Amino acid sequence: MNIKMTCLAAMALSMAAGSALAAATSTSGTSALDDPAKMQPFYTDSSMKTLRGSDEFTKAWKALTPEDQKMMMTACVDEAKNANAANSHPEFCSNVKANGGSK
């Protein structure tokens with residue numbers, strides 16, 4: 001009976017530690033594409049449904065810091081790798097791909 005309790009305790013401890021470690025390694029659980037403050041300049045409306053035109057999009061893209069540009073490009077690549085119906089930024093990501101790396 002002691003072995004059974006010891007094994008169960010060890011398993012519970014490892015599960016708790018694994019969950020804590022997973023939570024500590026992920027920053028917020030969301031991508032840069034889900035940050036309204038970063039995304040708003042690319043959209044014409046407050047509901048962020050209508051993208052700006054190509055010239056305005058490029059201007060907003062160039063106004064981002066290189067770190068923000070890299071985070072958005074990475075998020076778009078990740079979204080493309082894990083393509084599913086929940087991906088909500090395909091048009092935005094195609095514009096990012098067209099502007100990617102431009103300064």
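All figures in this text were calculated on a predicted structure; none of them were measured in a lab. (Residues numbered from 1 in each chain as written. Predicted model: local features only at pLDDT ≥ 70, side-chain atom pairs only at ≥ 80, totals over all residues. Heavy atoms only, no water.)

## A short note on the overall build of the protein
Next, step 1: Helix and strand counts for the protein stand at five helices and zero strands.
Next, step 2: Secondary structure elements in the protein, listed N-terminal to C-terminal, are α-α-α-α-α.
Next, step 3: Residues classed as buried in the protein amount to 21% of the 103 residues present.
Next, step 4: For the protein, the share of sequence-separated contacts (at least 6 apart) that also reach a separation of at least 24 residues comes to 51%.
Next, step 5: For the protein, the exposed surface amounts to about 7300 Å²; the carbon and sulfur share of it is 61%. (Helix = DSSP H or I, 4+ residues; strand = E, 2+ residues; numbered from the N terminus. Buried < 20%, exposed > 50% of the residue type's maximum accessible area, 1.4 Å probe, protein only. Contact = heavy atoms within 4.5 Å. Areas by Shrake-Rupley, 256 points an atom, 1.4 Å probe, with all protein chains shown as cover.)

## Quick word on the packing of aromatic side chains
Next, step 1: Taken as a whole and judged by the stated rule, the model has five aromatic pairs.
Next, step 2: Here Phe-42 and Phe-57 contribute two aromatic rings whose centre-to-centre distance is 4.7 Å and whose plane-to-plane angle is 45°, an arrangement assigned as tilted. With Phe-42 in the loop between α2 (36–39) and α3 (54–63) and Phe-57 in helix α3, this pair connects stretches of sequence that are 15 residues apart.
Next, step 3: Relative accessible area serves as the criterion here: at 1%, Phe-57 is assigned to the buried category.
Next, step 4: On the basis of an interplanar angle of 15° and a centroid distance of 6.5 Å, the ring pair of Tyr-43 and Phe-92 is categorised as stacked. Here Phe-92 lies in helix α5 (residues 90–99) and Tyr-43 lies in the loop between α2 and α3, a separation of 49 residues in the sequence. Phe-92 matches Tyr-43 in its accessibility class, with the two residues each being buried.
Next, step 5: Through a chain of ring-to-ring contacts, the aromatic side chains of Phe-42, Tyr-43, Phe-57, Trp-61 and Phe-92 assemble into a single cluster. (Phe/Tyr/Trp six-rings, centres within 6.5 Å; stacked < 30°, edge-to-face > 60°.)

On their own, these measurements won't tell you what the molecule is for.
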